[in-house]
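# Report on the structure
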Amino acid sequence: MSEFSASDSAHMAQALKLAAHGRYTAHPNPMVGCVLVRDGKVIGEGWHERAGDPHAEINALRDASNAKQAIAYVTLEPCVHHGKTPPCVDALIDAEIAELVCAMSDPFDAVSGRGVAALEAAGISVRGGLMRTEAETLNRGYLSRIQRGRPFVRLKIAASIDGAVAMRNGESQWITGRESRADVQRLRAESGAVLSGIGTVLADDPALTVRDAEYGLGEQQPLRAILDSNLQLPLSSSMLRLAGKTLVYCSNDENRGALEDAGAEVVKLASDEAGHVDIGAVLDDLGRRDINDLLVEAGPALAGSLLMAKLADELVIYQAPHIMGSETQTMFTTPRWTELANRQALVITDTSLVGSDTRITARLAD
């Protein structure tokens, strides 16, 4: 028999729902929700909105006013260290809760296991693991950064039904419909950074910003990261005049002064075998910058490089119901894949209609 009841599951499900409210604003912190229950009745709820603001447990305790002898359902192990806010463990102990039910432990070194140990040392019962898979999925970007040192990489592609992303001359606006382009705004809002290559920037002059006010970002835009080996980014680029920060990765930084004067940050990294900025080094640097989730909006070369290096964690393909024919560019440039055996298998996790387009979400198969 499970140690968790149907009531436990219902309260944790609500905590996970609350945690998801921080999807667009909590990063680089994890999304966390908390529900306080006493005598079977919910007496307090809270979630973490943004870094520097109170954590979910604190908001729930404030909502409850008095949480003595309550059960706290929390989606992530409470913090036990002083960061931008005081430890949540201390607040829970001071509130004299009776028990903590936690979905998952926090792999962050300053917390991992210590939060649970502190609560148990104070005489508070702890049960862990309820809806762990759902909690880990919710914070997959945070877990990627903490455990692998790099962000969770989501690769977005807009293509025709025959797999074309542009005409051979580079014309690509617009392949997919208005609804798909609006959905990409959501993907950007969920991301700490958006990565593109200089080819895409030169062809389209993209803003790479979140323009929909519904996501509540305001001036807090995702970091714009551009792979530009030889610093060809025009000083007239739209992104250099917009809110948010533009980060340019290069391997030849002779022309960095002008870009820095225009407001960009320039980072020189090692080159790969092809002479381009090493994408693995870029991901490591973004991890050090506390980027949990990275959205890649790029052309076939960068998209193909990520696939060949097995650095893309998820693909989101918007496929429009039209045929662009033979004089086109395909989704991925993969020069090392010369045999059928080189193909990359995918696991489709979702297929949905977005307007008249089909959105296919997939992960790379092992």
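Residues numbered from 1 in each chain as written. Predicted model: local features only at pLDDT ≥ 70, side-chain atom pairs only at ≥ 80, totals over all residues. Heavy atoms only, no water.

## What to know about the overall build of the protein
Worth spelling out the cut-off: Put simply, DSSP H or I for four residues or longer makes a helix, DSSP E for two residues or longer makes a strand, and each gets a number counted from the N terminus. Here the globule rule is a power law, 2.2 Å times the number of residues to the power 0.38, and the radius of gyration is based on C-alpha atoms. Exposure is judged per residue with a 1.4 Å probe applied to protein chains only, and the accessible area is read against the type maximum: over 50% gives exposed, under 20% gives buried, and values in between give partly exposed. Charged residues are defined here as Lys and Arg on the positive side and Asp and Glu on the negative side; His and the ends of the chain fall outside this count. Throughout, a charge is located at the NZ atom of Lys, the CZ atom of Arg, the CG atom of Asp or the CD atom of Glu.
Per the secondary structure count, the protein includes 11 helices and 16 strands. The C-alpha radius of gyration of the protein comes to 23 Å, within 12% of the 21 Å expected for a compact globule of 366 residues. When the backbone C-alpha atoms are referred to their principal axes, the protein occupies close to 70 × 45 × 40 Å. The buried share among the 366 residues of the protein stands at 50%. Within the protein, the 49 negative side-chain charges are centred at a point lying 1 Å from the centre of the 35 positive side-chain charges.

## Focus: the sheet that holds strand E9 (residues 223-227)
Definition in use: At least two bridges found by DSSP between two strands are what make those strands a pair. For helices, the axis comes from a line fit to the C-alpha atoms of the stretch in contact; other axes are also lines fit to C-alpha atoms, and the angle between any two N-to-C directions lies between 0 and 180 degrees. When checking whether two residues touch, look at their non-hydrogen atoms; a contact exists if any pair is within 4.5 Å.
On the basis of which strands lie adjacent, the open sheet formed by 9 strands has the order E11-E10-E9-E8-E12-E6-E13-E16-E15 and mixed pairing. Each edge of the open sheet carries a strand with a single partner, namely strand E11 (265-268) and strand E15 (346-354). Each neighbouring strand pair of the sheet contributes to a mean axis angle of 20°, computed without reference to strand direction. With 5 bridges joining them, strand E6 (residues 152-160) and strand E12 (residues 293-297) adopt parallel strand pairing. What sits directly across from valine 153, in E12, is leucine 294. Docked against the sheet, helix H6 (residues 140-148) engages E6, E12 and strand E13 (314-320), running at close to 130° with respect to E6.

## Considering the pairing of E9
Across the 5 residues that make up E9, a large majority, 5, are buried. Here 5 bridges tie strand E8 (residues 193-197) to E9, and the two strands are oriented parallel to one another. Looking at E9, one finds that valine 194 is bridged to arginine 224. Where E9 and strand E10 (residues 246-250) come together, 4 bridges link them in parallel fashion. Residue pairing for E10: alanine 225 is matched across the bridge by leucine 247.

## Topic: the side chain of arginine 224
To keep it simple, the criterion reads: Whenever a nitrogen or oxygen atom comes within 3.5 Å of another N or O atom, the pair is scored as a polar contact, on the condition that within protein one atom can donate a hydrogen and the other can accept it, and that pairs from neighbouring residues in sequence are kept only if both atoms are in side chains.
Turning to its location among the elements, arginine 224 is positioned in strand E9. A polar contact is formed between the side chain of arginine 224 and the backbone oxygen of glycine 244, at a distance of 3.3 Å. Filtering out sequence-adjacent residues up to four positions away, arginine 224 remains in contact with Val194, Ala207, Leu208, Thr209, Met239, Leu242, Ala243, Gly244, Lys245, Thr246 and Leu247.

## Concerning the sheet that holds strand E4 (residues 99-102)
Backbone hydrogen bonds hold the strands of a sheet together, and the pairing may be parallel or antiparallel. Taken together, the 5 strands give an open sheet; going across it, the order is E2-E1-E3-E4-E5, and neighbouring strands pair in mixed fashion. Each edge of the sheet is formed by a strand with only one pairing partner; in this case those strands are strand E2 (41-47) and strand E5 (125-128). Averaged over all adjacent pairs, the angle separating strand axes in this sheet is 15°, with direction ignored. The sheet contact formed by strand E1 (residues 33-38) and strand E3 (residues 71-74) spans 4 bridges and is antiparallel. Its bridge partner lying in E3, valine 35 is registered against tyrosine 73. Where helix H1 (residues 6-19) meets the sheet, its contacts fall on E1, E2, E3, E4 and E5, and the angle it forms with E1 comes to roughly 145°. With respect to the sheet, helix H2 (residues 56-64) is in contact with E1, E2 and E3, its orientation differing from that of E2 by roughly 140°.

## With respect to the pattern of salt bridges
Pairing is possible between side chains of opposite charge, provided their charged atoms come close. In plain terms, the rule: Salt bridges are counted wherever a side-chain nitrogen of Lys or Arg sits within 4 Å of a carboxyl oxygen of Asp or Glu.
The tally for this structure, following the rule as stated, stands at 25 salt bridges. Among the ionic pairs, lysine 245 bridges to glutamate 265, the shortest N-O distance being 2.7 Å. Taken together, the residues span a long stretch of sequence, with lysine 245 in the loop between E9 and E10 and glutamate 265 in strand E11 at a distance of 20 residues. A salt bridge links glutamate 260 to arginine 256; its shortest N-O distance comes to 3.0 Å. With glutamate 260 and arginine 256 both in helix H9 (residues 256-261) and 4 residues apart, this pair spans about one turn of that helix. Assessed through its relative accessible area of 35%, glutamate 260 is described here as partly exposed. With relative accessibility at 24%, the residue arginine 256 sits in the partly exposed group. In the salt-bridge network here, residues are joined through shared partners; they are Arg140, Arg154, Asp183, Arg186, Glu190, Glu314, Asp350 and Arg359.

## Re H2
Taken as a whole, H2 has its buried residues at Ala56, Glu57, Ile58, Ala60, Leu61 and Ala64. Tucked inside the fold, the buried residues of H2 contact E1, E2, E3 and helix H3 (88-94). Where H2 ends, the next residue or the one after it, serine 65, has phi of about 70°, a positive value.

## Some remarks on the nonpolar core
Applicable threshold: To form a nonpolar core, buried Ala, Val, Leu, Ile, Met, Phe, Trp, Tyr and Cys residues must be joined to one another through side-chain atoms within 4.5 Å.
One finds Met12, Leu36, Ala72, Leu92, Leu100 and Leu119 to be the most contacted residues of the largest nonpolar core, which totals 40 residues. At the level of elements, H1, E1, H2, E3, H3, E4, helix H5 (132-138) and H6 are the ones that each hand at least two residues to this core. No other element matches the 5 residues that H1 contributes to this core. Not counting the four nearest positions on each side in its chain, methionine 12 is found in contact with Tyr73, Val74, Thr75, Val101, Cys102, Ala103, Leu130 and Met131. In terms of nonpolar packing, the next biggest core, distinct from the first, is built from 33 residues, Val153, Leu155, Ala159 and Val296 among them.

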